Amino acid sequence: MKQRLDLRTLLSQATGKDQQIASLALLSLGVIESLGGGAITASRAAELFFNADNCLFVRKQLRRKAADEIMSRGVQLPDIFDVLSKEEAQQECQRELVAMRLLCLKLLGDVQLAA
């Protein structure tokens, strides 16, 4: 996939904020699993999904702390590989991915409780 995923466009078909949040959580989980499995790199994930446009959309439109934190953590993943040794970066990246998964599950649980 060479193009960026545009959350504004992807989530425009969702009916209501809860459905948008659930969709974001599921999309994020897919990207996180792709990162964890090595299908994409942290740099590619930041370019494809955790980019500035999507971060701003999540912050301004969805206004959920957990959603904003997922995006913030994702955009910072490439930096881990710039400042740490390869082994340390791999370990830290895995810790970040676990934290991001938990945030996605929290969002899904919150939406389910609200429904």
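This text goes with the structure placed above it.
Fair warning: this is a prediction, and the values are worked out from it, not measured in the lab. In this numbering scheme, every chain counts its residues from 1 along its sequence in written order. Side-chain atom pairs in this predicted model are given and counted only at pLDDT of 80 or more, local residue features only at pLDDT of at least 70, and totals for whole chains, interfaces and linings cover all residues. By convention in this description, side-chain values take in all heavy atoms of the structure and omit both hydrogens and water.

Draft legend 1. Main features of the overall build of the protein. Starting at the N terminus, helices and strands are each numbered in turn, a helix being any DSSP run of H or I of at least four residues and a strand any DSSP run of E of at least two. Along the backbone of the protein there are 6 helices and 0 strands. Moving toward the C terminus, one meets the helices and strands of the protein in the order α-α-α-α-α-α. The C-alpha atoms of the protein give a radius of gyration of 14 Å, which matches the 13 Å a tight globule of 115 residues would have. Overall, the protein is about 45 × 30 × 20 Å in size when its C-alpha atoms are taken along their principal axes. A 1.4 Å probe rolled over the protein chains alone gives each residue an accessible area, and that area as a share of the maximum for its type sets the label: buried under 20%, exposed over 50%, partly exposed in between. A total of 115 residues make up the protein; the buried ones form 39% of that total. Across the protein, contacts joining residues at least 24 apart in sequence account for 65% of those joining residues at least 6 apart. When the accessible surface of the protein is split by element, carbon and sulfur atoms take 53% of a total near 6800 Å². When charges are counted, Lys and Arg are positive and Asp and Glu negative, with His and the chain ends excluded. Charge coordinates come from a single atom per side chain, which is NZ of Lys, CZ of Arg, CG of Asp or CD of Glu. Charged side chains in the protein number 15 positive and 14 negative. The centres of these two groups are separated by 6 Å. The atom set for the radius of gyration is the C-alpha atoms, and the globule formula is 2.2 Å times the number of residues raised to the power 0.38. Whether two residues touch is decided by their heavy atoms; if any such pair falls within 4.5 Å, the residues are in contact. Computed with a 1.4 Å probe, the accessible areas rest on the Shrake-Rupley method; for each residue, only the protein chains presented here act as cover.

Draft legend 2. Just the nonpolar core, in detail. Residues grouped as a nonpolar core are buried Ala, Val, Leu, Ile, Met, Phe, Trp, Tyr and Cys residues, joined through side-chain atoms within 4.5 Å. If you look at the biggest cluster of nonpolar residues, it comprises 34 residues, and the most contacted ones within it are Leu 24 and Phe 50. For this core, the secondary structure elements donating two or more residues are helix H2 (17-36), helix H3 (42-48), helix H4 (52-62), helix H5 (65-83) and helix H6 (86-114). Excluding anything up to four places from it in sequence, Phe 50 contacts Val 31, Leu 35, Ala 45, Cys 55, Ile 70, Met 71, Gly 74, Val 75 and Met 100.

Draft legend 3. Just the environment of Leu 7, in detail. On the secondary structure map, Leu 7 appears in helix H1 (residues 7-10). Residue classification places Leu 7 among the buried residues on the basis of a relative accessible area of 0%. Residues Leu 7 and Ile 21, 14 residues apart in the sequence, show an inter-C-alpha distance of 11 Å. Among all residues touching Leu 7, those that are not within four sequence positions of it are Ser 12, Leu 24, Leu 27, Phe 49, Asn 54, Phe 57, Val 58 and Met 71.

Draft legend 4. Quick peek at the pattern of salt bridges. Salt bridges, as used here, are contacts in which a Lys or Arg side-chain nitrogen is within 4 Å of a carboxyl oxygen on Asp or Glu. A complete count under the given rule lists 9 salt bridges for this structure. Of the charged contacts, one joins Arg 95 and Glu 92 as a salt bridge, the two residues approaching to 2.9 Å between their closest N and O atoms. Here Glu 92 and Arg 95 lie together in helix H6, a separation of 3 residues that amounts to about one turn. Between Asp 110 and Lys 106 there is a salt bridge whose closest N-O contact spans 2.8 Å. Of the two residues, Asp 110 and Lys 106 both sit in helix H6, 4 residues apart, roughly one turn of that helix. Accessibility expressed as a relative area gives 44% for Lys 106, which makes it partly exposed. Linked through salt bridges whose partners overlap, the residues forming this network are Glu 69, Arg 73 and Glu 96.

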